Amino acid sequence: MEPPSPTPLPPQLVDGIRARLDAQDVVGVQIGWVDDNGIVRSRVVPTDQLAGAAHRGVGITAVFAVFDSHDGITFAHEGLSTPSGDVRLVPVIDSVDSVVPLAGQPGLAWVNGRQVAVDGSPWPYDQRAVLERQVSAAAEAGFEVKAGFEVEVVLSHDREDGEVAGAHRGPAYSANAVQDLSGFTRTLLTDLRANGVGIGQLHAEYGASQVEIALDALDPLAACDAQVLARQSIHAAARAHGLRASLAPITTTDGAGNGWHLHTSLWRDGHNALTASEGDGGPHGLSAVGAAYLAGLHRELHGIVAVTAPSTGSLLRRRPHFWAGVYDVWGVENREAALRLVPGGGLLGADHTNVELKPSDASANPYLALATVIGAGLAGVRDGASLDEPVQEDVGGWDDARRSAAGIRALATTHEEQRANLLASDVVREVLGDDLLGAFVACRDADAAWAVEHTDEEIVASLRWVY
């Protein structure tokens, strides 16, 4: 079979994009993607080269798939074991709005990219394509998916020594903290609106100098694209006020750390399929589909977390009593549970039902993280998986014997445990594919080898300003 040929953008679409960019004095477009470490990479093309890039792509090295978190290149994955090879980074443009003039970076615009082979055929290491496959799988099963991220970020005054110097004094969740950040908050909200990123709220979080924004729930690809664009907006707004933003899983060894809590739900015929309807009563307001979806996530949780919170920083963040989801339990509105059911009904409305995954952070590739969650949930629905009873306590306060008797296990806190959990999950392997899984494991192994030679403080410092 002949590989698909790249299709030039329609002239009318090119003209519309050019007019929009010219009107805002945009001279360059960043084509961005997220690697297997959750790091946003990009290439910039002049605006007059964008149409050509959309047709032919921009050349990037194949070994970006095996970059680790410290910009080292590992050749441990057999499929990418040499520095030879090239792929094409192609901007994803299906409307004028696909290319976003960046409010916080005048003169530049942003567009998300996909990676394809040099002949235009699919490339097995393209993370965006992994999510596209799961969206198609959901559609084949009769569902649409909605997803939204809660983004936590620590804001610091910019210091030469790279340490964190809090930009707000707290208290947690307070109006005083927001007042300390008035200029940043105004700029961020203005930029997010201009960049087309919708949010539900912003507040000072529990951690020291921490802020959280809740992104709107969207279809999976749009949700991940918005998450990536939100990062650019946050960093630009911070710089505009002499601050640095860190979205790293942990910014100090004793801090609460940053999560990117991931909320998902299944929809069918315009209604939330997780919510029980008349005649379809299930436990905790869930439909049979909803109970099986949550059960699928619970069943695959150890493998899922190896993708959604994969880094050495993620492992250090995983401590009880920090709302990081340390144990493999689910609960109804239990913020210490790794899986938190948010029921619909009341003021929220019946269609609000969703499941929040706590152990998810910025070191995850959002497209892979969401694809893995969808794949596990769909597998639960397909199998009619049975849902265990919820846990409504902080099991971190239980002793080992009580947790063991209840069948509760801690999520991995070492690379060896997490690696074994990742490779033991057939669902995760099926979602990622053998090639991408191999590259992903090689990156994690390289990070772990680096960490062995460094202290916890050095590990935290090495990742602090990467995200």
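Fair warning: this is a prediction, and the values are worked out from it, not measured in the lab. (Residues numbered from 1 in each chain as written. Predicted model: local features only at pLDDT ≥ 70, side-chain atom pairs only at ≥ 80, totals over all residues. Heavy atoms only, no water.)

Engineer: Explain the pattern of salt bridges residue by residue, including any values.
Structural biologist: Pairing between side chains becomes possible if they bear opposite charge and their charged atoms approach one another. Counting across every chain of the model gives 22 salt bridges. Between Arg-114 and Glu-132 there is a salt bridge; the shortest N-O distance is 2.7 Å. With Arg-114 in strand β6 (residues 108-116) and Glu-132 in helix α3 (residues 127-140), this pair connects stretches of sequence that are 18 residues apart. Glu-132 gets classed as partly exposed once you look at its relative accessible area, which sits at 22%. Residues joined by salt bridges that share partners form a network here, namely Arg-114, Arg-128, Glu-132 and Asp-225. (Salt bridge = Lys/Arg side-chain N within 4 Å of Asp/Glu carboxyl O. Helix = DSSP H or I, 4+ residues; strand = E, 2+ residues; numbered from the N terminus. Buried < 20%, exposed > 50% of the residue type's maximum accessible area, 1.4 Å probe, protein only.)

Engineer: Just give me the short version of helix α6 (residues 220-240), but keep the residues and values in it.
Structural biologist: Since the α-helix packs 3.6 residues into each turn, any two residues three or four apart lie on the same face. The terminal C-alpha atoms of α6 lie 30 Å apart, and with 21 residues this matches the ideal 30 Å at 1.5 Å per residue to within 8%. Counted residue by residue, α6 has 18 buried out of 21 residues, so it is predominantly covered. Where α6 starts, the residue carrying a side-chain oxygen 3.2 Å from the main-chain nitrogen of Leu-221 turns out to be Asp-219. Gly-242 occupies a position one or two residues after α6 and carries a positive phi of about 70°. (Expected span 1.5 Å × (residues − 1). Polar contact = N/O pair within 3.5 Å; in protein donor to acceptor, adjacent residues only side chain to side chain.)

Engineer: Got a sec to walk through the pairing of β6? Specific residues and values, please.
Structural biologist: Each regular strand carries side chains that alternate between the two faces of the sheet. For β6, the tally of buried residues reaches seven of nine residues, placing the bulk of the element in the interior. Sheet topology places strand β4 (residues 86-91) next to β6; four bridges connect them, and they run antiparallel. The residue bridging Arg-88 from the neighbouring strand is Val-116, located in β6. Where strand β5 (residues 100-101) lies against β6, two bridges are found, and the strand directions are antiparallel. Paired with Pro-101 across the bridge in β6 is Ala-109. (Pairing = 2+ DSSP bridges.)

Engineer: Tell me what's going on with empty space enclosed by the protein, and back it up with residues and numbers.
Structural biologist: Throughout the structure, instances matching the rule amount to four cavities of 30 Å³ or more. Each pocket or cavity is described by its volume, and for the largest cavity that value is around 110 Å³. Contributing to the lining of the largest cavity are 13 residues, with Pro-310, His-415, Gln-418, Arg-419 and Arg-444 lying nearest its centre. Elements represented by at least two residues in the lining of the largest cavity include exactly α9 (312-317), α12 (415-424) and α14 (434-452). Of the residues belonging to the lining of the largest cavity, the class tally is six nonpolar, four polar and three charged. The space that makes up the second largest cavity amounts to roughly 80 Å³. As for the second largest cavity, its lining consists of Gly-32, Trp-33, Val-34, Asn-112, Gly-113, Gln-115, Asp-126, Gln-127, Arg-128, Val-228, Asn-365 and Tyr-367. Within the residue set of the lining of the second largest cavity, elements represented by two or more residues are β1 (28-34), β6 and α3. Considering only residue class, the lining of the second largest cavity consists of four nonpolar, six polar and two charged. (1 Å grid on protein atoms, 1.4 Å probe; cavity = no way out; pocket = protein on both sides within 12 Å on 5 of 7 lines; lining within 4 Å. Points joined across faces, edges and corners; volume = space filled by probe spheres on them. Nonpolar A, V, L, I, M, F, W, Y, C, P; charged D, E, K, R; others polar.)

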